[in-house]
Amino acid sequence: SNVHPLLNGSGPGGGRGYEIGKSTGGGSYGGSGTGGLNGGVPGLIYGDESITHLIGGSGGGHAIRGSGNAGGGGGALGITAGEVFVLEANSTISANGGMGTGHPDGSGSGGSGGAIRIQANSILNYGKIEALGGDALGSSSLGGAGGGGRIALLAEGTLLEGDVNASGGSNKAILTSNYREDDLV
């Protein structure tokens, strides 16, 4: 069990915080965070595909003693347009989760992506809409990455989805292996 429940990430899908012998878990929302490189516990998936209740993402689990910082969950954005919603080229709407940082004494996990809900008669996306989970950073990070958020484009008329991405983050730990020339086949 946790050393202290306040080390868990904030929100309904907050990742589990510091536990002896385990990684910190990534935050979850539309997709599950990861448990890191040492069996941590990610948060639970919540919400629905239409984003009926506009709720943001959840934070990653915190390390002990303030060593590795956890990423916060992405925000929540709702847009309602009467007729046509157009996102122009070279434009971005994002609700991305924060990055978790590594530290030799403990690694924080990434936060989940947030929520983006756009409702209009027609939606034309020529830009980029993203709710990405936060990565777990650091050369020796054991923390989990955040799960993807949720994006809902609700249109009764024309719907041009364009570039939409709600992927989860990844663990960016640098793992190296040294091989002797005699060991190679």
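As the structure is a prediction and not an experimental result, all values here were calculated from the model.

Draft legend 1. The arrangement of the sheet that holds strand E6 (residues 122-125) in detail. What the three strands build is an open sheet, ordered E2-E6-E10; its pairing is parallel. Of all strands in the sheet, those with a lone pairing partner are strand E2 (84-87) and strand E10 (159-160), marking the two edges. In the sheet, E2 pairs with E6 via four bridges, with the strands oriented parallel. Bridging across to E6, Val84 finds its partner in Ser122.

Draft legend 2. Inspection of the pattern of salt bridges at higher detail. All chains considered together, the criterion is met by one salt bridge. Ionic pairing is found between Arg16 and Glu19, a salt bridge with its closest N-O pair at 3.2 Å. With a relative accessible area of 29%, Arg16 lands in the partly exposed category.

Draft legend 3. Representation of the confidence of the model for the protein chain within the structure. The share of residues in the protein chain with pLDDT of 70 or more is 88%, and the mean pLDDT across the chain is 88. Every residue in residues 176-180 is under pLDDT 50, and counting partners more than four places away or in other chains gives one contact.

Draft legend 4. Inspection of the environment of Ala152 at higher detail. If you trace the backbone, Ala152 turns up in strand E9 (residues 150-155). Given the relative accessible area of 4%, Ala152 is considered buried. Sequence-wise, Ala152 and Ile51 are 101 residues apart; in three dimensions their C-alpha atoms are separated by 6.6 Å. Apart from the residues lying within four places of it in its own chain, the contact partners of Ala152 are Glu49, Ser50, Ile51, Ile116, Arg117 and Ile118.

What counts as what
- Residues numbered from 1 in each chain as written.
- Predicted model: local features only at pLDDT ≥ 70, side-chain atom pairs only at ≥ 80, totals over all residues.
- Heavy atoms only, no water.
- Pairing = 2+ DSSP bridges.
- Helix = DSSP H or I, 4+ residues; strand = E, 2+ residues; numbered from the N terminus.
- Salt bridge = Lys/Arg side-chain N within 4 Å of Asp/Glu carboxyl O.
- Buried < 20%, exposed > 50% of the residue type's maximum accessible area, 1.4 Å probe, protein only.
- pLDDT = per-residue confidence, 0-100.
- Contact = heavy atoms within 4.5 Å.

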